[in-house]
Amino acid sequence: MIQSKKQNIDYFPKWKPQMGTLGMLSNISEKVRYKALRNSSSAFIKRMDVRSMIFSRDGYKCVICGSSDDLQIDHIHSVYSVIKGKFPIEKLNTIENLRTLCRHCNASKIP
Ligand SMILES: [Zn+2]
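Treat the numbers as computed from the prediction; the structure is a model and nothing was measured.

Conventions we followed
Residues numbered from 1 in each chain as written. Predicted model: local features only at pLDDT ≥ 70, side-chain atom pairs only at ≥ 80, totals over all residues. Heavy atoms only, no water. Buried < 20%, exposed > 50% of the residue type's maximum accessible area, 1.4 Å probe, protein only. Helix = DSSP H or I, 4+ residues; strand = E, 2+ residues; numbered from the N terminus. Pairing = 2+ DSSP bridges. Polar contact = N/O pair within 3.5 Å; in protein donor to acceptor, adjacent residues only side chain to side chain. Contact = heavy atoms within 4.5 Å. Salt bridge = Lys/Arg side-chain N within 4 Å of Asp/Glu carboxyl O.

Peer 1: Can you walk me through the pairing of strand E2 (residues 98-102) in this structure?
Peer 2: As a general feature of sheets, a regular strand has side chains that alternate between the two faces. Within E2, five of the five residues are buried, which leaves the element mostly enclosed by the surrounding structure. Side chains Leu98, Thr100 and Cys102 of E2 all project onto a buried face; the interleaved residues Arg99 and Leu101 project onto the opposite face, where all are buried too. Strand direction decides the pairing type here: strand E1 (residues 71-75) and E2, joined by five bridges, are antiparallel. Opposite Ile73, over in E2, you have Thr100 as the bridge partner.

Following this line, the structure appears as structure tokens:
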């Protein structure tokens, strides 16, 4: 029997912040919280399944300049904005908050 595996947006993996990340949010320094959250988050967006879903949705092109060189996954609302309380942590690594950028556009973003 052949099992068909649907490759669509419904299957986008769910990010689970590393144990302690959520609990740490209120009582330790901002710098430490930022690092912990960034590490947990970047491990997730380096996953091959996550990368290939975002890249394929965006057509394997930078969403700003259209280049297909050196593509990276970018957060539309950044880890920093979560730490600042401006964006909910549960939405940080959802398909809606991730996009494809080339290295150049990612590096020249206004933080
Ligand atoms: Zn670009």
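Peer 1: Teacher, can you tell me more about the side chain of Asn93 here?
Peer 2: Locating Asn93 in the fold gives a position in the loop between helix H3 (79-83) and E2. Polar contacts involving the side chain of Asn93 include one to the side chain of Ser41, which spans 3.1 Å. If near-sequence neighbours (up to four positions away) are discounted, Asn93 is found in contact with Phe12, Trp15, Ser41, Phe44, Ile45, His75 and Leu98.

Peer 1: Honestly, the pattern of salt bridges in this entry has me stumped. Any pointers?
Peer 2: Pairs can form between side chains of opposite charge whenever their charged atoms are close. A full pass over the atoms with the stated rule returns five salt bridges. The shortest N-O distance in the salt bridge between Asp58 and Arg57 comes to 3.0 Å. Note that Arg103 and Asp70 form a salt bridge whose closest N and O atoms lie 3.2 Å from each other. On the criterion of sequence distance, the pair formed by Arg103 in helix H4 (residues 103-107) and Asp70 in the loop between helix H2 (48-57) and E1 is long-range, its members being 33 residues apart. Overall, the relative accessible area of 47% leaves Arg103 in the partly exposed class.

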